[in-house]
Amino acid sequence: MDFSIRHRVPVFKQLRLLPAVAAAFLLCACLDIPDSPEPKNTASYVTVYAVQKGKADSASLKVNPESPATLKAEVFPRELESELDFAWYRDSLLGSGATFKISAYAEEDSIPNKLVVKDREGNTADLSFEITVNSPPTFTEDFSPAQGDTLYGTTRTSFAFSWKAEDSEDASLDYILELDTAHYYVGALEKIQQSGLQPGTHLFRVIVKDSEGDTDTLPLVKFYVADTLEAKK
């Protein structure tokens, strides 16, 4: 079995393919092609994806460093996997087989960025890819108003809303404030003043997103506004 890429390159070469969302390349006969090739001897393509906590990430090959993960090379048709050899590299050989284990808090040089696939005739094709290691942001307990707080004022009173999230990779985070039924994109702000709140029960929460698109959400906070003018009557 010989290899070629999607564009049907007619002569086999060692191939360096561009990374993709689900890194994929085609393996198909192209040297000694029989008159009637057996479909079972031709691999359509191989994908590389990450699996972490039982969830496969085929979108961006992204893993959280806090938990172990597995890289998986999957052949289509799947029954051809046993006929191919897989080798994982980063400068040097890191491991072999259709899967590769990434430990929690793995060093960068222990995470592969290239897969080499070899058939029984000795033909090889290689695929370069990049694993994104990213910790999602997390909210701290430092937010205001707190659960069950009562704020005193009128509709003209500006009440302070504040929150704080931390992220080991990002110094600046993006926030969206949800206040009752309204949504406010506040960028990197971690404190705002808001007026116009009617007496009664209100809800707020905040969503944070880092540069890799990972998010965290502050639990829904219920607070109350008491009208001080009404209280004086």
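This structure is a prediction, so every number in the text was calculated from the model and none was measured.

A. Region of the structure containing the pairing of strand β10 (residues 114-118). Pairing of strand β7 (residues 85-90) with β10 involves 5 bridges; the strand directions are antiparallel. Each residue of the ladder has a partner; that of Phe86, found in β10, is Val117. Pairing of β10 with strand β11 (residues 124-128), which is carried by 5 bridges, proceeds in the antiparallel orientation. In the sheet register, Leu115 faces β11, and the bridge partner there is Leu127. In this structure, the hairpin formed by β10 and β11 is closed by a connection of 5 residues, where Gly122 is found at a positive phi of approximately 90°.

B. Structural context of the layout of surface pockets. What the largest pocket holds in volume is close to 340 Å³. Forming the boundary of the largest pocket are 14 residues, of which Gln52, Lys55, Asp57, Lys62 and Asn64 lie nearest the centre. Looking at the lining of the largest pocket, the elements with two or more residues in it are β3 (45-52), β4 (55-57) and β5 (62-63). Across the lining of the largest pocket, the residue classes tally to 5 nonpolar, 4 polar and 5 charged.

C. Layout of the nonpolar core. The biggest cluster of nonpolar side chains holds 22 residues, and the ones touching the most others in it are Leu71, Phe86, Trp88, Leu115, Phe129 and Ile131. For this core, the elements supplying multiple residues, two or more each, are β3, β6 (69-76), β7, β9 (99-102) and β10. For this core, the element with the most residues is β6, which contributes 4 residues. What Ile131 contacts, discounting residues up to four positions off in sequence, is Leu61, Val63, Leu71, Ile111 and Pro112. Ranked by size, the runner-up nonpolar core spans 21 residues in total, among them Trp163, Leu173, Val208 and Val221.

D. Region of the structure containing the pattern of salt bridges. All told, the structure shown has 7 salt bridges when counted by the stated rule. Across the pair Arg78 and Glu74 runs a salt bridge, and its minimum N-O distance is 3.3 Å. Its relative accessible area of 53% is what places Arg78 among the exposed residues. The exposure class assigned to Glu74 is buried, which follows from its relative accessible area of 13%.

E. Quick look at the packing of aromatic side chains. Counted according to the given criterion, the structure contains 7 aromatic pairs. Note on Phe139 and Tyr175: the rings are 6.2 Å apart at their centroids and 45° apart in plane angle, and the pair reads as tilted. In this pair, Phe139 sits in strand β13 (residues 138-139) while Tyr175 sits in strand β17 (residues 174-179), placing the two residues 36 residues apart along the sequence. Both residues of the pair, Phe139 and Tyr175, belong to the buried class. A ring pair is formed by Phe204 and Phe223, whose centres lie 6.2 Å apart and whose planes are at 70°; its orientation type is edge-to-face. Of this pair, Phe204 sits in strand β20 (residues 200-209) while Phe223 sits in strand β22 (residues 221-227); the two residues are 19 residues apart in sequence, bridging distant segments of the chain. Judged by its relative accessible area of 0%, Phe204 is buried.

Cut-off values and rules
Residue positions are counted from 1 within each chain, in the order its sequence is given. For this predicted model, a pLDDT threshold of at least 70 governs which residues receive local features, and a threshold of 80 or more governs which side-chain atom pairs are given and counted, while totals over whole chains, interfaces and linings are taken from all residues. The basis for the side-chain values is all heavy atoms of the structure; hydrogens and waters are excluded. Pairing between two strands is assigned when DSSP locates at least 2 bridges connecting them. The helix count covers DSSP runs of H or I at least four residues long, the strand count covers runs of E at least two residues long, and both are numbered beginning at the N terminus. The method works on a 1 Å grid over the protein atoms by themselves. A cavity is a set of points holding a 1.4 Å probe that cannot get out, a pocket is an open set with protein on both sides within 12 Å along at least five of seven lines, and residues with an atom within 4 Å of a point line them. Grid points are joined across faces, edges and corners, and a volume is the space filled by probe spheres set on the points. Following the grouping adopted for this structure description, the nonpolar residues are Ala, Val, Leu, Ile, Met, Phe, Trp, Tyr, Cys and Pro, the charged ones are Asp, Glu, Lys and Arg, and the polar ones are all others, Gly among them. To form a nonpolar core, buried Ala, Val, Leu, Ile, Met, Phe, Trp, Tyr and Cys residues must be joined to one another through side-chain atoms within 4.5 Å. In this scheme, a residue with accessible area under 20% of its type's maximum is buried, one over 50% is exposed, and one in between is partly exposed, where area comes from a 1.4 Å probe on protein chains only. Residues are treated as being in contact if the distance between any of their heavy atoms lies within 4.5 Å. Salt-bridge detection follows one rule: a side-chain nitrogen of Lys or Arg within 4 Å of a carboxyl oxygen of Asp or Glu. Note on ring pairs: Phe, Tyr and Trp rings are taken, using the six-membered ring of Trp, and paired if centres are within 6.5 Å. Classes follow the plane angle, with under 30 degrees stacked, over 60 edge-to-face and the rest tilted.

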